[in-house]
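Descriptive analysis of the structure
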Amino acid sequence: MSAHPLFCYMTRRTAIIGGGAAGFFAAINLKEMNPEMEVTIFEQSNRVLQKVEISGGGRCNCTNTFAEVSDLSQVYPRGHRLLKRLFKTFDQQSAYEWFERHGVMLVVQDDQCVFPLSQDSHTIINMFLSEAKHHHIEICTGRKILSLDELSDYDFIVVTTGGSPRTERLQWLEHETIKCVPSLFSFNVKDEQLRQLMGTVVDDASVYIPGTKIRATGPLLITHWGMSGPAVLRLSSYAARILSEQNYKSPLNINWTGRNEGEVMDELNEVAILNPHKQIKSIRPFTLSSRLWTYLTEKCLGERAAYKWKDLNRKELNRLTNQLVNDSYEIDGRSAYKDEFVTCGGISLSAIHSNTLESKIRPHLFFAGEVLDIDGVTGGFNFQAAWTTAYTVASAIANY
């Protein structure tokens, strides 16, 4: 008489700590890969997906085409090596197709940022909530997890709590951490005359920290507190640790033209030849606004900014050139960028397996999103890191 094997089936359960972008993305993908899995999202606040709601000015810059990115280190100051590996499985094109497949039509802007066609972050939020309901994903709000032991009856745990303003808030996870400091912030500048130019935008500026190789280019916005815009936000990301160590007091240099010194000198010489009898401050090259040009020429030349171009001597021409390509200011503190809250630091990448993002010291514990020591510059790159790491974790759990 032959024996019949006895099969015992038991439903597996996954707990996701954090009701943000990475948490929902991991949960939905896990259910699609393994429909029998029971998935519960725990969120300590009373609302989920709050950061998605405010990101991109309420439009949610959900990814980027990466068309202008030749190396991931350009947009991920920390974590680019890990993401290069993970992008082979789920990259920006995968994310684009995923959202459209789930009913969120997308549009690409001229700056390669990708937004919902609706220009409304609620389109993404509603899709996440609808998919969660469809897949019977349980959402527990107002539930703060204080210890991983609270979830001992779950087979898998995924931590997607996002960035932390203070490293000690990650101690309960009992893993090696990298010190958390703010990233993506604007600069306070004491120069009152400059701040009076608030609202002025320079389309192609270059900003850098003198004495370092850290620089960023792009649009720069003068504000009532100092400087912001993509160029400044990128620089704050690249220099996050240095600026933190200096208590956000640092020299800052600006090239207002996006050109090198020789090109600027040639342009000024040509302006002088073509406009010898016009006031220096009345003819503005490099498409700079009249207010900014007047400010820069008066800062450099004083009352001689009202003189004619033919009266500009060689020494003054050199000074004006230097003013345009190497203008100097002092950073005097930081201001939060209202649409983003990003930190660098978090769970050390050396504490996880790079192909699954599973803990090396606690099996079946995974990390995804900004809780890891991964962060990107503004432009949809942080959300893409969330999608990629969340998908990686969902795949790893499904493969169990």
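Criteria and thresholds
Residues numbered from 1 in each chain as written. Predicted model: local features only at pLDDT ≥ 70, side-chain atom pairs only at ≥ 80, totals over all residues. Heavy atoms only, no water. Phe/Tyr/Trp six-rings, centres within 6.5 Å; stacked < 30°, edge-to-face > 60°. Helix = DSSP H or I, 4+ residues; strand = E, 2+ residues; numbered from the N terminus. Buried < 20%, exposed > 50% of the residue type's maximum accessible area, 1.4 Å probe, protein only. Lys NZ or Arg CZ within 6 Å of the ring centre and 35° of its normal. Polar contact = N/O pair within 3.5 Å; in protein donor to acceptor, adjacent residues only side chain to side chain. Contact = heavy atoms within 4.5 Å. Pairing = 2+ DSSP bridges. Expected span 1.5 Å × (residues − 1). Arc of directions from axis to C-beta. Salt bridge = Lys/Arg side-chain N within 4 Å of Asp/Glu carboxyl O. 1 Å grid on protein atoms, 1.4 Å probe; cavity = no way out; pocket = protein on both sides within 12 Å on 5 of 7 lines; lining within 4 Å. Points joined across faces, edges and corners; volume = space filled by probe spheres on them. Nonpolar A, V, L, I, M, F, W, Y, C, P; charged D, E, K, R; others polar. Axes fitted to C-alpha atoms, helices over the stretch in contact; angles between N-to-C directions. Left-handed = near helix turned anticlockwise from the far one by under 90°. Disulfide = S-S within 2.5 Å.

As enumerated under the stated definition, the model contains 22 aromatic pairs in all. When the ring of Trp98 is compared with that of Phe128, the centres are 6.4 Å apart and the planes differ by 45°; the resulting orientation is tilted. A residue pair is termed long-range when its members are at least 10 positions apart, and Trp98 in helix 4 (residues 92-101) and Phe128 in helix 5 (residues 122-134) qualify at 30 residues. Here Trp98 matches Phe128 in class, with each residue buried. Taken together, Phe24, Phe25, Phe90, Trp98, Phe99, Phe128, Phe383, Trp387 and Tyr391 form an aromatic cluster joined through their ring pairs. Its end group placed over the ring of Tyr154, Arg13 keeps NZ or CZ at 4.1 Å from the ring centre.

What follows deals with the side chain of Asn188. As for its placement among the helices and strands, Asn188 is situated in strand 9 (residues 185-189). At 2.5 Å, the side chain of Asn188 and the side chain of Ser335 are in polar contact. Not counting residues up to four positions away in its chain, the partners in contact with Asn188 are Trp225, Glu330, Ile331, Asp332, Gly333, Arg334 and Ser335.

What follows deals with the sheet that holds strand 5 (residues 113-116). Where strands meet in a sheet, backbone hydrogen bonds hold them as pairs that are either parallel or antiparallel. The three strands lie next to each other as 3-5-4, forming an open sheet whose pairing is antiparallel. Looking at strand neighbours, the two that pair on one side only are strand 3 (63-64) and strand 4 (106-108), the edges of this open sheet. For strand 3 and strand 5, the ladder comprises two bridges, and the chain directions are antiparallel. Within strand 5, the residue paired with Asn64 across the bridge is Cys113.

Attention now moves to helix 9 (residues 261-274). Compared with the 20 Å implied by 1.5 Å per residue over 14 residues, the 20 Å span of helix 9 between its first and last C-alpha is a close match. Taken together, the buried positions of helix 9 are occupied by Val264, Met265, Leu268 and Val271. Axial view of helix 9: buried residues confined to an arc of 125°, hence all on one face. Exposed residues lying more than 90 degrees from the buried face of helix 9 are Asp266, Ile273 and Leu274. The N-cap of helix 9, judged by a side-chain oxygen 3.1 Å from the amide nitrogen of Gly262 a few residues on, is Asn260.

Once that is clear, we can look at the pattern of salt bridges. Scanning all chains against the criterion turns up 14 salt bridges. Note that Lys281 and Glu298 form a salt bridge whose closest N and O atoms lie 3.2 Å from each other. Of this pair, Lys281 sits in the loop between helix 9 and helix 10 (290-301) while Glu298 is found in helix 10, placing the two residues 17 residues apart along the sequence. The salt bridge involving Asp327 is made with Lys299; its shortest N-O contact spans 2.9 Å.

As a further point, take the layout of surface pockets. Approximately 1200 Å³ is the volume found for the largest pocket. Along its surface, the largest pocket is lined by 45 residues, and Glu43, Thr160, Thr161, Gly162 and Gly163 are the ones closest to its centre. For the lining of the largest pocket, the secondary-structure elements that each account for two or more residues are helix 1 (21-33), strand 2 (38-43), helix 2 (50-58) and helix 12 (381-398). Examining the composition of the lining of the largest pocket, we find that five residues originate from one element, helix 2, more than from any other. Grouping the constituent residues of the lining of the largest pocket by class yields 19 nonpolar, 17 polar and nine charged.

This paragraph deals with the packing of helix 1 against helix 12. Relative to each other, helix 1 and helix 12 sit at 35°, their axes nearing to 8 Å. Where helix 1 crosses over helix 12, the handedness of that crossing is right-handed. Two secondary-structure elements touch here, helix 1 through Ala21, Ala22, Phe25, Ala26, Asn29, Leu30 and Met33 and helix 12 through Phe383, Ala386, Trp387, Ala390, Tyr391, Ala394, Ser395, Ile397 and Ala398. Considered class by class, the residues forming the contact of helix 1 with helix 12 number 14 nonpolar, two polar and no charged.

A word on the state of the cysteines. Considering all chains together, one arrives at zero disulfides under this definition. Cys60 takes part in no disulfide bond, and the closest cysteine sulfur to it belongs to Cys62, at a distance of 5.4 Å. Residue Cys60 is classed as buried on the basis of its relative accessible area of 0%.

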